[in-house]
Amino acid sequence: MRLRGNVLVLALAFAAPAAWGQTLVKAPTETPASNPDLSGIWWHPFLPGMEPLASGPTALRNLSRRNGVGNYDQLVGDYTNPILQPWAAEVVRKFGELSKAGVTYPSPANQCWPEPLPYIYKNTGLLLLQGQHELTLLYNHEIRKVRVNASHPATVTPSWHGDSVGHYEGDTLVIDTVGQKRGPFAMLDLYGTPYSDKLHVVERYRVIGYEEAKDGLERNAKENQKAGGAQELDPNYRGKHLQVFFTVEDPNVFTTPWSATITYARGSNEWRESVCAENPHDYLTHRDVEVPTAATPDF
């Protein structure tokens, strides 16, 4: 596997599927002579991270605002978003009420459980290792593996990050993921939006210039709160960006497929070690919390 030094971006030009008839991505019959170089370290130091589209079915926004953007200290998902089936809207509403009351409800991140896609986009860093037959995507301590020019097996064994297969369409990397396991804190965003075993996510990665990235960056500035830190981006950066345009469908939870973007830029080349320790004791409530356990292997 080689680590190469270029950039990756996801196209905004793709529209969400109009109906539930979307089929799983199949492996192409031929491999192009050369593929775009998407490798290296990318940053989006903003929370929660998803960039809702300007129109059409898209990700939930935060109903709690601070300084004009979503208030990360109160995660109140817009349960009136028409993408949600009524039962799912009620789940989101109840999580929002807890957050408004000052309760930090359990989530994959604060309970040190594996973070599913697209929840995993909350991580501000992405290290992408690009090999001929496999891609590795690192988000702090989370690791995703993607088989290149492969198809999903006839029967997918559920796993924490699902079964991911990828292929290239010109300058675009397409990753198709199914079979994500659900744990006791299963949610696909920080607002507590649920998902089922029918969850299907398609990501499209493409490297784009600043002018093309501005739309996503502006939508990000309207919704997300800056995290800062060692990976903080130069506000005058005008270089290449990596944009991910992703589409989510789950007929058990949503009324329609929906899409959003994540726009990354180059920043610090330092990739710090990050560990989520499974400490079962909650010092605020003075009780032990549930941690991942298994009586038998899941493979």
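Scroll up to find the structure.
This text gives an overview of the structure that appears in the document. Fair warning: this is a prediction, and the values are worked out from it, not measured in the lab. (Residues numbered from 1 in each chain as written. Predicted model: local features only at pLDDT ≥ 70, side-chain atom pairs only at ≥ 80, totals over all residues. Heavy atoms only, no water.)

### Side note on unusual backbone geometry
Basically, it comes down to this: Helix numbering and strand numbering both begin at the N terminus, where a helix is a DSSP run of H or I of at least 4 residues and a strand a DSSP run of E of at least 2. Each residue's exposure class comes from its accessible area (1.4 Å probe, protein chains only) as a fraction of the maximum for that residue type: buried when under 20%, exposed when over 50%, partly exposed otherwise.
The omega torsion of the bond from Leu47 to Pro48 falls at 0°, within 30 degrees of zero and hence cis. Along the polypeptide, Pro48 turns up in the loop between β2 (46-47) and β3 (51-52). In this model, Leu117 is joined to Pro118 through a cis peptide bond whose omega is 5°. Looking at where Pro118 falls in the secondary structure, it is placed in the loop between α1 (86-100) and β6 (125-130). Although it is not a glycine, Asn140 sits at a positive phi angle of roughly 55°. Here Asn140 shows up in the loop between β7 (134-139) and β8 (142-148). Classification of Asn140 by relative accessible area gives partly exposed; the value is 27%. One non-glycine residue, Asn149, lies in the positive phi region at around 55°. Position of Asn149 among the secondary structure elements: in the loop between β8 and β9 (163-169).

### Description of the side chain of Arg144
Note the cut-off: Any N or O atom pair separated by 3.5 Å or less is treated as a polar contact, with the protein-specific requirement of one donor-capable and one acceptor-capable atom, and with residues adjacent in sequence counted only for side-chain atom pairs. By the convention used here, residues are in contact when the closest approach between their heavy atoms is within 4.5 Å.
As for its position among the elements, Arg144 is in strand β8. Within the structure, Arg144 has its side chain in polar contact with the side chain of Thr177 (distance 3.5 Å). For Arg144, the side chain forms a polar contact with the side chain of Glu203, separated by 2.8 Å. Discounting residues that sit within four places of it in the chain, Arg144 has contacts with Leu117, Ile120, Leu135, Thr136, Leu137, Tyr139, His161, Ser164, Ile175, Thr177, Glu203 and Tyr205.

These figures capture arrangement, not role.
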